[in-house]
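A look at the structure
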Amino acid sequence: MHITNIISQYFGKFAKTEFPSFIQKIINKVYVKSMKLDMSEFRNEKFYKSLNDLFTRELAIARQINEDEKVFISPTDSLITQAGDVKGDLALQIKGMEYSFEELLTYNCANNFEKLVDGKYMNFYLSPRDYHRYHSPCDFEVKRLLHVPGKLYPVNLKYLNKQIDLFAENERVILECVHEDKLFYMVFVGALNVGQMVFEFEPKVETNTDVRDIQIYEYEDKKVKKGDCLGYFKMGSTVVMFWEKGFVELEELIGQSVKYGQSICQKS
């Protein structure tokens, strides 16, 4: 097990510990203040029984989403670190640092690689202060879920600039999705500290454990609606989306913060 996984497991034990109420309230208050969390859409920090409970908080006020059927919405509250055209099989984790979607998705998705060549991609970085739940960007059908064990390097801008193939090195969960017979992928990348990802429709998935082999789950008629909660990160991390060639036109969002529910692209 890599040192990043070990560190994350120890931090995870701390984060899920429910301390006595008066101590937990202090921990939560310090975290909210130090990370400058905007809690206006959530319950007061004093109601969360652990740091993990606070990290994975649900919206207390329903978020308005773009209901236009032609629009894909952002699955997360996040920073768009990079987006654009896939050049052959290459995308950018950040300016000047390329990675291959073939390595990211693994050979298990090889049958679909040709569809993704010259398609579109977008990277969403969630900081520790962001809302950590991820949602469906449109109505779609989940065909497969792949859990790929790996390391848990940080995914902040500093590491994106210095760690080659960071996304393909880190543990990740891949959703193979179909919308109106068009293919797209959502890749949920683990990160340092906790490093766990939860998927509400697939409780068998357990990340940052001693699992060594790729786990594949296949589905029939597993449909989700736009805006449905798919699950959550137990700490900040990254989501990467890939669309097949000719499927969508991206909005100009590089370097901008987006909110779950707002438009990120439209169907071509």
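Provided above is the structure to which this section pertains.
Throughout what follows, the structure given in this document is the object of discussion.

Cut-offs used in this document
- Residues numbered from 1 in each chain as written.
- Predicted model: local features only at pLDDT ≥ 70, side-chain atom pairs only at ≥ 80, totals over all residues.
- Heavy atoms only, no water.
- Pairing = 2+ DSSP bridges.
- Helix = DSSP H or I, 4+ residues; strand = E, 2+ residues; numbered from the N terminus.
- Salt bridge = Lys/Arg side-chain N within 4 Å of Asp/Glu carboxyl O.
- Buried < 20%, exposed > 50% of the residue type's maximum accessible area, 1.4 Å probe, protein only.
- Contact = heavy atoms within 4.5 Å.
- Disulfide = S-S within 2.5 Å.
- Phe/Tyr/Trp six-rings, centres within 6.5 Å; stacked < 30°, edge-to-face > 60°.
- Lys NZ or Arg CZ within 6 Å of the ring centre and 35° of its normal.
- Core = buried A, V, L, I, M, F, W, Y, C linked by side-chain atoms within 4.5 Å.
- Axes fitted to C-alpha atoms, helices over the stretch in contact; angles between N-to-C directions.

**A word on the sheet that holds strand β15 (residues 257-258)**
- Across the sheet, which stays open at both edges, the 8 strands sit in the order β11-β7-β8-β9-β13-β5-β2-β15 with antiparallel pairing between neighbours. Because the sheet does not close on itself, it has two edges, and the strands there are β11 (215-224) and β15.
- Of the pairings in the sheet, the one linking strand β5 (residues 120-125) to strand β13 (residues 238-243) comprises 6 bridges and is antiparallel in character. Counted as the bridge partner of Phe-124 is Val-239 from β13.

**Some words on the pattern of salt bridges**
- All told, the structure shown has 10 salt bridges when counted by the stated rule.
- Among the salt bridges present, the one from Lys-267 reaches Glu-180, with a minimum N-O distance of 3.2 Å. Pair noted here: Lys-267 is in strand β16 (residues 263-267) and Glu-180 is in the loop between β8 (172-179) and β9 (182-189), with a separation of 87 residues, a long-range link.
- By relative accessible area, which is 59% here, Glu-180 ends up exposed.

**As for the environment of Ser-50**
- Among the secondary structure elements, Ser-50 is positioned in the loop between α2 (21-35) and α3 (51-55).
- Taking relative accessible area as the criterion, Ser-50 reaches 5% and is therefore assigned buried.
- Along the backbone, Ser-50 and Gln-24 are 26 residues apart, and their C-alpha atoms lie at a distance of 6.6 Å.
- Residue contacts for Ser-50: discarding those within four places in its chain leaves Ala-15, Lys-16, Thr-17, Glu-18, Gln-24 and Asn-28.

**Section: the state of the cysteines**
- Counted according to the given criterion, the structure contains 0 disulfides.
- The structure places no disulfide on Cys-177, whose sulfur is separated from the nearest cysteine sulfur, that of Cys-138, by 7.6 Å.

**Focus: the pairing of β13**
- Summarising burial for β13: 6 of the 6 residues are buried, a large majority.
- Bridge count for β9 against β13 is 6 bridges, and the pairing is antiparallel. Bridge assignment links Phe-188 to a residue of β13, and that residue is Val-239.

**A few points about the pairing of strand β12 (residues 229-233)**
- Burial analysis of β12 places 4 of its 5 residues in the buried class, the great majority of the element.
- In the sheet, strand β10 (residues 197-199) pairs with β12 via 3 bridges, with the strands oriented antiparallel. In the strand pairing of β12, Val-198 is matched with Tyr-232.

**Quick word on the packing of aromatic side chains**
- Within the structure shown, the criterion is met by 16 aromatic pairs.
- Residues Tyr-31 and Phe-55 carry aromatic rings whose centres are separated by 5.1 Å and whose planes lie at 65 degrees to one another, so their mutual orientation is edge-to-face. One end of the pair, Tyr-31, is in helix α2; the other, Phe-55, is in helix α3, with 24 residues separating them in the sequence.
- Centre to centre, the rings of Phe-188 and Phe-233 are 6.3 Å apart; their planes meet at 55 degrees, and the pair counts as tilted. With Phe-188 in strand β9 and Phe-233 in strand β12, this residue pair connects regions lying 45 residues apart in the sequence. Like Phe-188, the residue Phe-233 is buried in the burial classification.
- Through a chain of ring-to-ring contacts, the aromatic side chains of Tyr-134, Phe-188, Phe-199, Phe-201, Tyr-219 and Phe-233 assemble into a single cluster.
- When the ring centre of Tyr-48 is taken as reference, the NZ or CZ atom of Arg-43 above it lies at 4.7 Å.
- Seen from the ring of Phe-42, Arg-57 lies directly overhead, with NZ or CZ sitting 4.7 Å from the centre.

**Examining the nonpolar core**
- Among the nonpolar cores identified, the biggest contains 36 residues, and Phe-72, Leu-175, Phe-184, Phe-188, Phe-199 and Trp-243 are the most heavily contacted of them.
- In contact with Leu-175, not counting residues within four places along its chain, are Val-142, Arg-144, Leu-145, Phe-184, Tyr-185, Met-186, Phe-188, Phe-199, Phe-201 and Leu-230.
- Core analysis: the second largest hydrophobic core is formed by 20 residues, Ala-91, Tyr-99, Leu-105 and Tyr-121 among them.

**Structural notes on the environment of Lys-16**
- Here Lys-16 shows up in helix α1 (residues 3-16).
- Using a relative accessible area of 56% as the deciding quantity, one classes Lys-16 as exposed.
- When the C-alpha atoms of Lys-16 and Lys-49 are compared, they prove to be 8.7 Å apart, with 33 residues separating the residues in sequence.
- The residues contacting Lys-16, other than those within four sequence positions of it, are Ser-50 and Asn-52.

**Considering the sheet that holds β10**
- Strand order in this open sheet of 3 strands is β6-β12-β10, and the pairing throughout is antiparallel. Only two strands of the sheet have a single partner each, and these edge strands are β6 (133-135) and β10. Within this sheet the neighbouring strands show an average axis-to-axis angle of 20 degrees, counted without direction.

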